[in-house]
Amino acid sequence: MSGLLEVSGLARHYPVKRGVVLQKQVGTVRAVDGVSFDLARGETLALVGESGCGKSTTARLVMRLIEPSAGTIRFDGQDVTNVGGGALRTLRRRIQIVFQDPYASLNPRLTVGEAIAEPMAVHGIGDAASRRAKVEELLRLVGLAPFHAARYPHEFSGGQRQRIGIARALSVEPELVVCDEPVSALDVSIQAQVVNLMKDLQARLGLSYLFIAHDLAVVKHMADRVAVMYLGQIMEISDKRTLFADPRHPYTRALLAAIPHPDPSRRGRVTPLGGDVPSPMAVPPGCRFHTRCPFAQERCRQEIPALREIAPGHRTACHFAETLPDPGLDYSGGLT
Ligand code: SF4
Ligand code: MG
């Protein structure tokens, strides 16, 4: 697989100002605070973490919907960090997004056919007749009958609306699809259908996915690799099997232990996470996870752990990744 997306040192900081006339900066929100990863063609990388960890902001930075404070974004070998004009429009065609709430993302006054055709019209692709033909093809592709094109979003179930959202994203033939919690709002039984559809489409169309989720259960059957984020940084990143069988970061272990396990004996002995996520305006010094980590020591409060490679392709940001007690957990069951 060749590289499609390469993100290096990406950051997004917001100044926090106070005062009506003389706006004085009183702090900085570190929403994304130095994130690096790459994504190969045809691959799915999951970004996982609790709400506010910066995963959605990372996705919006990659799509150039917001501007980075630092770092670089390369897409298909080109530096796109600062491109504008035609190059930015092209980028915004090649990267599409599927939102969490398909209902909120579909205009209720447009028919489904109009909604799916809209990105093609925006990007000047085809004429009205060819777009109508493409809409029919897309509806079939996502498992819906073409006659649905004349209906309105409210006439569909949540799962069907997410299929429509996917058809809309695919209408301009993107290479990368950012999936921002695409199944979180759906019933569990429907989640599996949508995940299977997305995997099937990936295989047929060679798509790459940046798949955002707040828990590891959803990405288990979707991702090839997983990056776990906490307070704007990646704490651990590896191929999926390693992450589910042998996680090395205490935060990853806690996230895993929080999901149900079909065989409770393999759930391991993991102390549940205490406390709240600190504010991204007050990131703890040293290891930013130390205020919630059951293994924190003096060194953790002083020294920032680097995201270092502990095995090929497996990187983790913990001073003690090699020596922490083995919790005996293994969530890799069922993975092929
Ligand atoms: Fe916990 Fe220290 Fe490792 Fe951070 S560096 S995860 S505080 S043990
Ligand atoms: Mg979000």
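Residues numbered from 1 in each chain as written. Chains lettered and ligands numbered in written order. Predicted model: local features only at pLDDT ≥ 70, side-chain atom pairs only at ≥ 80, totals over all residues.

A. Quick peek at the overall build of the protein. Of regular secondary structure, the protein possesses eleven helices and twelve strands. For 336 residues, the compact-globule formula gives about 20 Å, and the C-alpha radius of gyration of the protein, at 21 Å, lands near that figure. Overall, the protein is about 65 × 60 × 40 Å in size when its C-alpha atoms are taken along their principal axes. Counting across all 336 residues of the protein, residues that qualify as buried make up 40%. Taking the intrachain contacts of the protein between residues at least 6 apart in sequence as the baseline, contacts between residues at least 24 apart amount to 66%. (Helix = DSSP H or I, 4+ residues; strand = E, 2+ residues; numbered from the N terminus. Rg over C-alpha atoms; globule rule 2.2 N^0.38 Å. Buried ≥ 20, exposed ≤ 12 C-beta atoms within 10 Å, placed from the backbone. Contact = placed C-beta atoms within 7 Å.)

B. Seen up close, the sheet that holds strand β3 (residues 44–48). If you trace the eight strands from one edge of the open sheet to the other, you get β6-β7-β8-β3-β9-β10-β12-β11, paired in mixed fashion. Lying at the two open borders of the sheet, with one neighbouring strand each, are β6 (95–98) and β11 (308–311). Each strand axis lies, on average, 25° off the axis of its neighbour in the sheet, ignoring direction. Pairing between strand β7 (residues 176–180) and strand β8 (residues 208–213): five bridges, direction parallel. Across the sheet, residue valine 177 finds its bridge partner in β8, namely tyrosine 209. Sheet strands touched by helix α6 (residues 158–170): β6 and β7. Its angle to β6, the strand with the most contacts, is close to 170°. (Pairing = 2+ DSSP bridges. Axes fitted to C-alpha atoms, helices over the stretch in contact; angles between N-to-C directions.)

C. A look at the environment of proline 312. Structurally, proline 312 is set in the loop between β11 and β12 (314–316). What makes proline 312 exposed here is the crowd of 9 C-beta atoms within 10 Å. Sequence separation of proline 312 and threonine 90 is 222 residues, and the distance between their C-alpha atoms is 35 Å.

D. Up close: the pairing of β11. Both β11 and β12 contribute to a ladder of three bridges, which runs antiparallel. Of the residues in β12, the one forming a bridge with glutamate 309 is arginine 315. Between the antiparallel neighbours β11 and β12 lie two residues, among them glycine 313 with a positive phi of about 80°.

E. Structural context of the sheet that holds strand β1 (residues 3–18). Sheet architecture is open: four strands sit in the order β2-β1-β4-β5, paired in antiparallel fashion. The outermost strands of the open sheet, each flanked by one partner alone, are β2 (24–40) and β5 (78–79). Note: β1 against strand β4 (residues 70–75), five bridges, orientation antiparallel. Each bridged residue has a counterpart across the sheet, and for glutamate 6 the counterpart in β4 is arginine 74.

F. Inspection of helix α10 (residues 250–257) at higher detail. Taking burial as the measure, the eight residues of α10 include eight buried ones, the bulk of the element. Along its buried surface, α10 packs onto α8 (216–219), β9 (225–230), β10 (233–239) and α9 (240–245).

G. Structural detail: the UniProt feature "domain: ABC transporter" (unreviewed entry) in the protein. Mapped onto this numbering, the UniProt entry annotates "domain: ABC transporter" (unreviewed entry) at residues 16–256. As annotated, residues 16–256 comprises 39% helix and 25% strand, and the C-alpha atoms at either end are separated by 34 Å. (UniProt positions renumbered as here; feature names shortened; annotations may be inferred.)

H. Spotlight on the nonpolar core. Counting 84 residues, the largest nonpolar core has Ala46, Leu210, Phe211, Val219, Ala227 and Val228 as its most contacted members. Sequence-distant contacts of valine 219, defined by excluding residues within four places in its chain, comprise Ala46, Val48, Phe211, Ala213 and Val226. (Core = buried A, V, L, I, M, F, W, Y, C linked by C-beta atoms within 7 Å.)

I. Geometry of the environment of arginine 60. Residue placement: arginine 60 occurs in helix α1 (residues 55–62). C-beta crowding within 10 Å serves as the criterion here: with 18 such atoms nearby, arginine 60 is assigned to the partly exposed category. Through-space distance from the C-alpha of arginine 60 to that of valine 178 is 9.0 Å; in sequence the pair is 118 residues apart. The contacts of arginine 60, once residues within four sequence positions are left out, are Leu65 and Ile66.

J. Quick peek at the packing of helix α4 (residues 112–122) against α6. In the contact formed by α4 and α6, the axes pass within 7 Å of each other and the chain directions differ by 30°. Of the residues in α6, those touching α4 at Val112, Ala115, Ile116 and Pro119 are Ile164, Ala167 and Arg168. Its residues placed into classes, the contact of α4 with α6 shows six nonpolar, no polar and one charged. (Nonpolar A, V, L, I, M, F, W, Y, C, P; charged D, E, K, R; others polar.)

K. Examining α6 more closely. Compared with the 18 Å implied by 1.5 Å per residue over 13 residues, the 18 Å span of α6 between its first and last C-alpha is a close match. The buried fraction of α6 amounts to eleven of the 13 residues, a majority that puts the element mostly inside the structure. Where α6 is concerned, the buried positions are Gln160, Arg161, Gln162, Arg163, Ile164, Gly165, Ile166, Ala167, Arg168, Ala169 and Leu170. (Expected span 1.5 Å × (residues − 1).)

L. Molecular detail of the packing of α6 against helix α7 (residues 188–205). The N-to-C vectors of α6 and α7 enclose an angle of 20°; their axes lie 10 Å apart at closest approach. Here α7 runs roughly parallel to α6, going by the angle between their axes. Handedness of the α6/α7 crossing: right-handed. Taking contact as the criterion, the partners of Gly158, Gly159, Gln162, Arg163 and Ile166 in α6 are, on α7, Ile190, Gln193, Val194, Leu197 and Met198. For the contact of α6 with α7, the residue count by class is five nonpolar, four polar and one charged. (Parallel < 35°, antiparallel > 145°, perpendicular 65-115°, else oblique. Left-handed = near helix turned anticlockwise from the far one by under 90°.)

M. Structural view of unusual backbone geometry. The residue aspartate 76 is not glycine, and still its phi comes out positive at about 50°. Tracing the backbone through its elements, the reader meets aspartate 76 in the loop between β4 and β5. With phi around 50°, glutamate 181 is a residue other than glycine that occupies positive phi space. By the element assignment, glutamate 181 lies in the loop between β7 and α7.

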